[in-house]
Amino acid sequence: MDWTKLLLGFAGMVVGQFMAILDIQIVAASLPQIQAGIGASADEISWVQTAYLIPEVVMIPLSGYLSRLWGTQRVFLASCLGFVVMSVMAGLSTSTDMLIVCRALQGFVGGAMIPTVFAVAFTAFPPEKRVTASVVMGLIVTLAPTVGPTLGGHLTEALSWRWLFFINVFPGAIVLFLVGRYGDFDRGDPSLAKGFDWFGLAVMATFLMSMQFVLEEGSKNDWFADESILVLTVIAVFTGVAFVWRSLTYRQPIVELRAFTNRNFRVGVIMTFVTGAALFGGTFLMPLFLGRVRDYSSAEVGTTMVVSGLSMFLAGPIAGRIARKLDPRVPMFFGFMMVAWGMWMAHAVTTEWGFWEFAGVQACRGIGVMIAMIASQQVTMSTLSPQMVKNASGLVNLSRNVGGAVGLALLNTTLTEKTALHLSELSARVSASGVRAQDMLAGLVARMEGLGVADPQGAANKAFEGMLYRQAVNLAFGDAFAMLAVACAIAAVITTLARPVKNAPPPPADAH
């Protein structure tokens, strides 16, 4: 085995994977600047992020079939080249429609770079080196979405929002060189092109895109009260059933579901689903709180969130050593409980929380997610036969993305409903006849008079309502953090259902 060639090729793929995952969240902290730059409406600007995610979920499971057909190297190079071209086009966008289309194509073609790295790690590396490869992948998968808002916020303030996309050009060129020169890991099987399952592809794409759209947009549109959400949910259910039936009955399906016959794979997929919810949910909640409640700028949000990335980076090597020495079920249980503890600490959040208050929360969450991620990869993939790995890697990555989407949908809904509930409760408690409320209103009126406001009483009432709303939003965030904590604690219990992981047999030199 030529270790230099293997490591250089794998390093190139890892950089490509980092870019593809990073771009999910890199726009998160800069949406207001992008909105101003292209003249988008408040409803349109959310599609800059959504348009990337919806087509990406189709490519992730499809990439397993394509890599078996054409070979991992060709698929990865085509994916990276398309991703870089679409990044440049997105950066040059002059209208909302152009940016959304470019983001959709960027997500679709770039999606293949994510699962193919997992497949290489579990087929090209010998069993004793797979934990090290898992640590590297775990760092990428957890760090990329965490540092995305940080990097994006600072890039936008230092240069402009267009550099969120232009920044992909240089590392993209490095990836194309390294993978093109050293990434010849396997050979494709052209015979797979015969009898290509177009019907299976159609129902899979319809199912995944409908489901992703419902999860992304449902909470904004009051779920089934919106006709389009209801229709797409029905479509997702029927095409989902058709997709599973086709995958189980067609002689050469787009996605092999046989991996689900493996008990550890089933448990691992559930764990990956929850990890995705914890990873993307935490990365979503904290920046949103800092921006909505504390009025932090993009750069300030990025600086506060750096603790998560740093803790994950430092925990990676330790998590790898733990995974080598212990049954992976043990660190998986410990990791999820640590995330649960971190999120539970955050349920006591107040309107004054900032960098230092969130530091402990982020450290617990970052270390816990990293330990759980690496251990769950070992549980999920280590007991599969090499022939199943390529398809299985797509399913694992899909479960993480869907877990993130489900988590965000539930958290968005929780924030909306709990804010209304807490606002109603606070308003009932603070009646107009209350002495403390009257004193506070009088003080606000006096302040407004001192500022020379034309209608001091009206301005004071509005300010008082704003204070109540801010407190209601703060309490809703506490509830959302608590919900994540409970979900992670339940996941920790589920880890006990996995079987002990033994060393997997070494794969053949050329696994198709």
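Residues numbered from 1 in each chain as written. Predicted model: local features only at pLDDT ≥ 70, side-chain atom pairs only at ≥ 80, totals over all residues. Heavy atoms only, no water.

**A look at the packing of helix α13 (residues 263-292) against helix α16 (residues 355-381)**
Here is the rule: As a rule, the C-alpha atoms of each element are fitted with a line to give its axis, helices using only the stretch in contact, and angles between N-to-C directions run from 0 to 180 degrees. Here a strand is any run of E in DSSP of at least two residues, a helix any run of H or I of at least four, and the numbering for each starts at the N terminus. Any angle that falls under 35 degrees is termed roughly parallel, while one over 145 is termed roughly antiparallel, one within 65 to 115 roughly perpendicular, and all others oblique. In a left-handed crossing the near helix is turned counterclockwise from the far helix by less than a right angle, and in a right-handed crossing that turn is clockwise. Note on residue classes: Ala, Val, Leu, Ile, Met, Phe, Trp, Tyr, Cys and Pro are nonpolar, Asp, Glu, Lys and Arg are charged, and everything else, Gly too, is polar.
Where α13 meets α16, the axes come as close as 9 Å, and the angle between the chain directions of the two elements is 160°. One finds that α13 runs roughly antiparallel with respect to α16. Crossing handedness for the pair α13 and α16: left-handed. For the contact of α13 with α16, the residue count by class is 13 nonpolar, nine polar and one charged.

**Details of empty space enclosed by the protein**
Where we set the bar: In this analysis a 1.4 Å probe is tested at points of a 1 Å grid over the protein atoms alone, and where it fits but cannot get out there is a cavity; an open set with protein on both sides within 12 Å along at least five of seven lines is a pocket; lining residues have an atom within 4 Å of a point. Grid points are joined across faces, edges and corners, and a volume is the space filled by probe spheres set on the points.
For the coordinates displayed, the defined rule picks out three cavities of 30 Å³ or more. Volume-wise, the second largest cavity comes out at about 40 Å³. Surrounding the second largest cavity, E256, R258, A259, Q387, M388, N391 and A392 form its lining. When its residues are assigned to classes, the lining of the second largest cavity shows three nonpolar, two polar and two charged.

**Let's talk about the packing of aromatic side chains**
Put simply, the rule reads: Ring pairs shown here join Phe, Tyr and Trp side chains whose ring centres sit within 6.5 Å, with only the six-membered ring taken for Trp; geometry is labelled stacked below 30 degrees between planes, edge-to-face above 60, and tilted in between. Any residue under 20% of the maximum accessible area for its type is buried, any over 50% is exposed, and the rest in between are partly exposed; the area is computed with a 1.4 Å probe on protein chains only.
Across all of its chains, the model carries ten aromatic pairs by this definition. Residues F207 and F243 carry aromatic rings whose centres are separated by 6.2 Å and whose planes lie at 25° to one another, so their mutual orientation is stacked. A residue pair is termed long-range when its members are at least 10 positions apart, and F207 in helix α11 (residues 198-217) and F243 in helix α12 (residues 227-249) qualify at 36 residues. Looking at F243, the relative accessible area reads 10%, which means it is buried. Three or more aromatic residues joined by ring pairs make a cluster, and in this case those are F289, W353, F358, F477 and F481.

**Looking at the pattern of salt bridges**
This is how the line gets drawn: Each reported salt bridge corresponds to a side-chain nitrogen of Lys or Arg within 4 Å of a carboxyl oxygen of Asp or Glu.
All chains considered together, the criterion is met by one salt bridge. Here R103 ties to D23 by a salt bridge, and the two come within 3.8 Å at their closest N and O atoms. Residue R103 is found in helix α6 (residues 96-110), and its partner D23 is found in helix α1 (residues 3-25); the two are separated by 80 residues along the sequence. Both residues of the pair, R103 and D23, belong to the buried class.

**Brief notes about helix α10 (residues 169-182)**
As a reminder of what qualifies: Multiplying one less than the number of residues by 1.5 Å gives the expected span of a helix. The directions from the helix axis to the C-beta atoms are what the arc is built from.
Counted at 1.5 Å a residue, the expected span for α10 with its 14 residues is 20 Å, and the 20 Å between its end C-alpha atoms agrees. Listing the buried residues of α10 in full gives G172, V175, L178 and V179. Down the axis of α10, the smallest arc covering the buried residues is 135°, so these residues share one side. Exposed residues on α10 whose side chains face more than 90 degrees from its buried face are F170 and R181.

**Let's talk about α12**
Spelled out, the test is: Should any heavy atoms of two residues lie within 4.5 Å, those residues are considered in contact.
In this model, α12 (23 residues) spans 33 Å end to end at C-alpha, consistent with the 33 Å of a helix rising 1.5 Å per residue. What α12 keeps buried is the set I229, T233, A236, T239, G240, F243, R246 and S247. Of the surrounding secondary structure, the elements contacted by the buried residues of α12 are α11.

**Side note on the confidence of the model for the protein chain**
For clarity, the cut-off: Every residue carries a pLDDT, the predictor's confidence in it, which falls somewhere between 0 and 100.
Of all residues in the protein chain, 88% have pLDDT values of 70 or greater, and the mean over the chain is 79. Within the model, the stretch residues 503-512 combines pLDDT values under 50 with 25 contacts to residues more than four positions away or in other chains.

**Side note on the nonpolar core**
Across soluble globular proteins, nonpolar side chains show a tendency to be buried alongside one another. Applicable threshold: Here, nonpolar core means buried Ala, Val, Leu, Ile, Met, Phe, Trp, Tyr and Cys residues that are tied together by side-chain atoms lying within 4.5 Å of each other.
By size, the foremost hydrophobic cluster in this structure holds 127 residues, and its most contacted members are F10, M204, L285, F358, F477 and F481. Not counting the four nearest positions on each side in its chain, L285 is found in contact with L411, L415, F477, A480, F481 and L484. Core analysis: the next-biggest nonpolar cluster, separate from the first, contains ten residues, V267, V274, A375 and V379 among them.

**Comments concerning the side chain of S63**
Convention followed: Polar contacts, as used here, are pairs of N or O atoms within 3.5 Å; protein pairs need one atom able to donate a hydrogen and one able to accept it. Residues neighboring in sequence count only if both atoms are side-chain atoms.
Within the element layout of this structure, S63 appears in helix α4 (residues 47-70). A distance of 2.7 Å separates a polar atom in the side chain of S63 from the backbone oxygen of I60. Look past the residues within four positions of S63 in its chain and what remains in contact with it is A112 and P115.

**Overview of the packing of α1 against helix α7 (residues 113-123)**
Running from N to C, α1 and α7 cross one another at 145°; their axes reach a closest spacing of 8 Å. Along this stretch, α1 crosses α7, giving a crossing that reads as left-handed. On α7, the residues that touch F10, M13, V14, G16, Q17, A20 and I21 of α1 are M113, I114, T116, V117, F118, V120 and A121. Residue composition of the contact of α1 with α7, grouped by class: eleven nonpolar, three polar and no charged.

**Comments concerning a nonpolar patch on the surface**
Formally: Patches here are clusters of residues that have more than 30% relative accessible area and form no salt bridge, with a 9 Å joining cutoff for like charges and a 5 Å cutoff for nonpolar side chains (Val, Leu, Ile, Met, Phe, Trp, Tyr). Surface exposure here means Shrake-Rupley accessible area, sampled with a 1.4 Å probe, where a residue is shielded only by the protein chains that are shown.
Residues F224, L230, V234, V237, F238 and V241 make up a contiguous nonpolar surface patch of about 600 Å² in total accessible area. For F224, the location among the structural elements is in the loop between α11 and α12.

**Quick notes on the side chain of H422**
Note on placement: H422 falls in helix α17 (residues 386-429). A polar contact of 2.7 Å, which involves the side chain of H422, links it to the side chain of D479.

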